[in-house]
Amino acid sequence: MEFDENKKLEVEISETEFVENRVNEKRRRGKRSFDFLDVAIVPVVLGVFVSLGFLFANIFKATSAIDAVSSLSAFFTNL
């Protein structure tokens, strides 16, 4: 099997036609319309912020409790 380096390639140029098919496209009323996901994001965001608030409150409470215990131990050692 021989390979011919001088073999010429045939070039074919064709036009590409893009076809757009819109089936059951939702019609939007006005500039804004709300989906289920748009409405559901509000309680999720509120839940995240509330849970983060409880997390930070517990962290600060724990650090203040540790400070209180260390100050009590220092108080009892001074007696």
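Coordinates for the structure precede this section.
Quick notes on the rules
Residues numbered from 1 in each chain as written. Predicted model: local features only at pLDDT ≥ 70, side-chain atom pairs only at ≥ 80, totals over all residues. Heavy atoms only, no water. Helix = DSSP H or I, 4+ residues; strand = E, 2+ residues; numbered from the N terminus. Areas by Shrake-Rupley, 256 points an atom, 1.4 Å probe, with all protein chains shown as cover. Patch = residues over 30% accessible without salt bridge, like charges linked within 9 Å, V, L, I, M, F, W, Y side chains within 5 Å. Salt bridge = Lys/Arg side-chain N within 4 Å of Asp/Glu carboxyl O. Buried < 20%, exposed > 50% of the residue type's maximum accessible area, 1.4 Å probe, protein only.

Participant: I'd love a proper account of the overall build of the protein, names of residues and values included.
Facilitator: Across its full length, the protein holds 1 helix and 0 strands. As displayed, the protein offers around 9,000 Å² of accessible surface, 61% of which is attributable to carbon and sulfur atoms.

Participant: Before we move on, could you go through a nonpolar patch on the surface and cite the residues and values that matter?
Facilitator: Taken together, Ile41, Val42, Val44, Val45, Leu46, Val48, Phe49, Leu52, Leu55, Phe56, Ile59 and Phe60 make up a surface patch of nonpolar side chains, about 1,100 Å² in accessible area. Secondary-structure assignment places Val45 in helix H1 (residues 36-78). The partly exposed category is assigned to Val45, whose relative accessible area is 36%.

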